[in-house]
Protein chains: 2
Amino acid sequence: MTITIKDVAKKANVSIATVSRIVNNKPGYSKETEQKVLQVIQELGYHPNGLARGLISKRTHTIGVLVPDISSMLMSEFISGIEHVTHDYGSSVIVCHTESQGQKTRQYLQVLKEKQIDGIVFTSEVLKKDYYQIIKDMDIPMVLLSTESFDFPVPYVKVSDRRAAYSATEYLIKKGHRKIGMISGRRGDIIAGQPRIDGFMAAMKAHELSVKDEWIVTEGFNFEDGVNGFHKLIDQFPEMTAVFAASDEVALGILSAAYKMNIHVPDQLSVIGYDNLRIAEMSTPPLTTVAQPLVEMGKKSAELVFEMMESNRSVESRIFPHEIVERQSVKELS
Amino acid sequence: MTITIKDVAKKANVSIATVSRIVNNKPGYSKETEQKVLQVIQELGYHPNGLARGLISKRTHTIGVLVPDISSMLMSEFISGIEHVTHDYGSSVIVCHTESQGQKTRQYLQVLKEKQIDGIVFTSEVLKKDYYQIIKDMDIPMVLLSTESFDFPVPYVKVSDRRAAYSATEYLIKKGHRKIGMISGRRGDIIAGQPRIDGFMAAMKAHELSVKDEWIVTEGFNFEDGVNGFHKLIDQFPEMTAVFAASDEVALGILSAAYKMNIHVPDQLSVIGYDNLRIAEMSTPPLTTVAQPLVEMGKKSAELVFEMMESNRSVESRIFPHEIVERQSVKELS
DNA sequence: TTGTATGCGTTATCAA
DNA sequence: TTGATAACGCATACAA
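Residues numbered from 1 in each chain as written. Chains lettered and ligands numbered in written order. Predicted model: local features only at pLDDT ≥ 70, side-chain atom pairs only at ≥ 80, totals over all residues. Heavy atoms only, no water.

A. Representation of the protein's contact with DNA strand C in the model. Taken together, 29 residues lie around DNA strand C, and Arg21, Ser30 and Ile56 of chain A together with Ile5 and Ser20 of chain B are the ones closest in. Across the atoms of DNA strand C situated within 4 Å of the protein, the share located in sugar and phosphate is 64%. Here a phosphate oxygen of DNA strand C and a side-chain polar atom of Thr18 of chain A are 2.8 Å apart. Here Ser30 of chain A contributes a backbone N or O atom positioned 2.8 Å from a phosphate oxygen of DNA strand C. (Near = heavy atom within 4 Å. Polar contact = N/O pair within 3.5 Å; in protein donor to acceptor, adjacent residues only side chain to side chain.)

Here's what the structure looks like:
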């Protein structure tokens, strides 16, 4: 027997309207009745039913987060930021792991729609037309995190992958490296693949270094990709002195493979990562990497959602600054 | 303008009752009307409102998961399993990070109650009396994951921490080690602290090895605890040849600290971890560890919740088997 | 300051 | 096979 507003009203000898006002701090009651009602609420342990509330108010105090099932470590930092501010706003988040599958994404989108969520943050993946359409039809604020759309007017929060990659590469160059390899995401990936390759190429070119095709190997972003990629790379580009890994996981894969091949990092090979995940400081040697302010970005994405909700207007995108975090996987060449 | 069941009914020239029946596959309509209604639903892009549904059906198809903010890597594996089966059951999960604070936990519990969730999995923390009371009052199924209650009759899913620790220690002993240190959680922690210490002690004793107080250092479960703990341990127990770390993160901390001190693992020091997180295979050297089937445990915990929901009865607790995963951080002593 | 009554979008109970 | 209509638990416009 769940206890409702009626029970409170009856026991306090007032109408449900009055109880409602008190619960919601709407004006229209005396100090005495407030006392009494609050008292009864306490006694009965009454808690309003969010469903009934949401049905009327059109607000469920819930936002949805869509994440592809890549790099749970990356995602958990984003989500941590999102949850933090969402909680501060008195809302909850429902996280949906799409496994990068269109079918599952659409399915989740429908679920979120039925749950009448108030807003959505869409993470790390290309916003396809039908995704966009579905969300647009839901008529709720949406923001992109660690991705952007060139086709639709949706605000986003990210770093500049191109410039971050440029910085990482330039860092290596300034440390005296000339023969630099890269293990990157696929060129077809216009979010985290091609832009980082572009940044790498641009930095090399800016310093009048030419890069051959064999210097770049395109795999995915996880650990295994790092070890596989390194095997390929070292094979076709044995004289390299440094590698730029497109993710920290990949960098760890390189570290691991190099260790097994008795290649000492950083003495014989320097490696720089990308992301600055928690594991970057846990590796041996600790990983030098270009940091994205992951938690901050997560926070901002949620803040923008709430800002849009409250203002009913769109909002500016944000490009966060990146920075090089120096640890011990890169050595200066003399 | 959100479109409702009424719109469908009107356009299809039937009553909302009929539409409802068709949407829910309840008997009571002809093939023709079904065709027509389905057609209209398609055209209008109608999706039922979950709030209204839940209000009447008492089912929101949402379950809550409470996790303390320790070891996001551990949690993300648990959650991954939970989400998987929850999705299979056509439900969603709301994850609440309690930061191990009673206040926040209670607060989240109220939120979940207002959202009328169908069930709850409570993770990795002691189920305090008031938590239990709140959840009990919600009258929904609950299961404990990676924790258990000695005070309340709540089904749980976990491994035997004591026996797993016993196995890890015994593994070290069988590899020829006699002087074995341990970095553990606090003794006050009756879930993951004391039991693992007990297992360690028991294994030593069973092999007629006595352990001195200085052989055990009690810290937390994360990376920093590992490095700090190792410094203490090596200081007060320099002749040790192996360490049992109460978590993989701690083990990585040890690896890291040892590397900096030029202590070679496993040649000069063997280390075994606990959990078998993804990072266990990413470290250098790859970490030998006692594995908990984390994802499976997460799955099972959710399955039990749904089983309880459907059967309206309680359910048996499950102790999952653990196993030693041999990698390269332990060396056999000759 | 307070209460009555209506509606939010469904499902379920009846009667037709 | 169908359709009215009463709930579900609450917020709110309007009356008092």
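Moving on from the coordinates now.
B. Seen up close, the domain arrangement of chain A. Residues and elements named next belong to chain A. According to the domain assignment, chain A contains domain 1 (5-48), domain 2 (60-159 + 294-320) and domain 3 (161-292). The C-alpha centroid of domain 3 is placed 29 Å from the C-alpha centroid of domain 2. Contact with domain 2, which involves 14 residues of that partner, is made by twelve residues of domain 3. The junction of domain 2 with domain 3 conceals about 1100 Å² of combined surface from both sides, 64% of it contributed by carbon and sulfur atoms. Three residues, Met73, Val159 and Leu294, lead the burial of domain 2 against domain 3; their summed loss comes to 42% of the area buried on that side. Linking domain 2 with domain 3 are one salt bridge. (Domains from an automatic or database assignment. Contact = heavy atoms within 4.5 Å. Buried area = accessible area lost by both parts, 1.4 Å probe. Salt bridge = Lys/Arg side-chain N within 4 Å of Asp/Glu carboxyl O.)

C. A look at the sheet that holds strand β10 (residues 288-291) of chain A. Residues and elements named next belong to chain A. If you trace the six strands from one edge of the open sheet to the other, you get β7-β6-β8-β9-β10-β12, paired in mixed fashion. Of all the strands in the sheet, just β7 (216-218) and β12 (323-325) have a single pairing partner and so form its edges. The mean inter-strand angle of the sheet, taken between neighbouring strand axes irrespective of direction, is 20 degrees. Contacts between helix α11 (residues 248-260) and the sheet are confined to β6 (180-184), β8 (242-245), β9 (270-275) and β10, with β9 contributing the most and set at about 155 degrees to the helix. (Pairing = 2+ DSSP bridges. Helix = DSSP H or I, 4+ residues; strand = E, 2+ residues; numbered from the N terminus. Axes fitted to C-alpha atoms, helices over the stretch in contact; angles between N-to-C directions.)

D. Structural detail: the nonpolar core. Phe230 of chain A together with Phe230 of chain B are the most contacted members of the largest nonpolar core, which totals 151 residues. Apart from the residues within four sequence positions on either side, Phe230 of chain A is in contact with Ile183, Met240, Ile254, Ala257, Ala258, Met261, Ile263 and Leu269 of chain A. (Core = buried A, V, L, I, M, F, W, Y, C linked by side-chain atoms within 4.5 Å. Buried < 20%, exposed > 50% of the residue type's maximum accessible area, 1.4 Å probe, protein only.)

E. Structural view of helix α3 (residues 31-44) of chain A. With 14 residues, α3 of chain A ought to run about 20 Å at 1.5 Å a step, and its terminal C-alpha atoms sit 20 Å apart, in line with that. One or two steps after α3 of chain A, the chain reaches Gly45 of chain A, where phi turns positive at roughly 65 degrees. (Expected span 1.5 Å × (residues − 1).)

F. Examining unusual backbone geometry more closely. Note the cis peptide between Val265 of chain A and Pro266 of chain A, where omega equals 5 degrees. Following the sequence through the fold, Pro266 of chain A ends up in the loop between α11 and β9. Here Glu208 of chain B, not a glycine, exhibits a phi torsion of approximately 60 degrees, which is positive. In this structure, Glu208 of chain B sits in the loop between α9 (194-206) and β7 (216-218). Although it is not a glycine, Asn276 of chain B sits at a positive phi angle of roughly 60 degrees. By the element assignment, Asn276 of chain B lies in the loop between β9 (270-275) and β10 (288-291).

G. How the structure looks around the packing of helix α1 (residues 5-12) of chain A against α3 of chain A. Residues and elements named next belong to chain A. Two elements in contact, α1 and α3, have axes separated by 9 Å at closest approach and are oriented at 125 degrees. Relative to α3, α1 is oriented oblique. The handedness of the crossing between α1 and α3 comes out as right-handed. Seen from α1, the contacting residues are Asp7, Val8, Lys11 and Ala12; seen from α3, they are Lys36, Val37, Val40, Ile41, Glu43 and Leu44. (Parallel < 35°, antiparallel > 145°, perpendicular 65-115°, else oblique. Left-handed = near helix turned anticlockwise from the far one by under 90°.)

H. Fine view of the protein's contact with DNA strand D. As a structural note, the neighbourhood of DNA strand D is formed by 27 residues, with Ile5, Tyr46 and Ile56 of chain A together with Thr18 and Arg21 of chain B the closest of them. At 2.8 Å, a side-chain N or O of Arg53 of chain A approaches a phosphate oxygen of DNA strand D. Contributing elements (two or more residues each) for the surface near DNA strand D: α2 (16-24) and α4 (50-57) of chain A together with α2 (16-24) and α4 (50-57) of chain B. At five residues, α2 of chain A tops the list of elements feeding residues into the surface near DNA strand D. Taken together, the residues of the surface near DNA strand D break down into twelve nonpolar, ten polar and five charged. (Nonpolar A, V, L, I, M, F, W, Y, C, P; charged D, E, K, R; others polar.)

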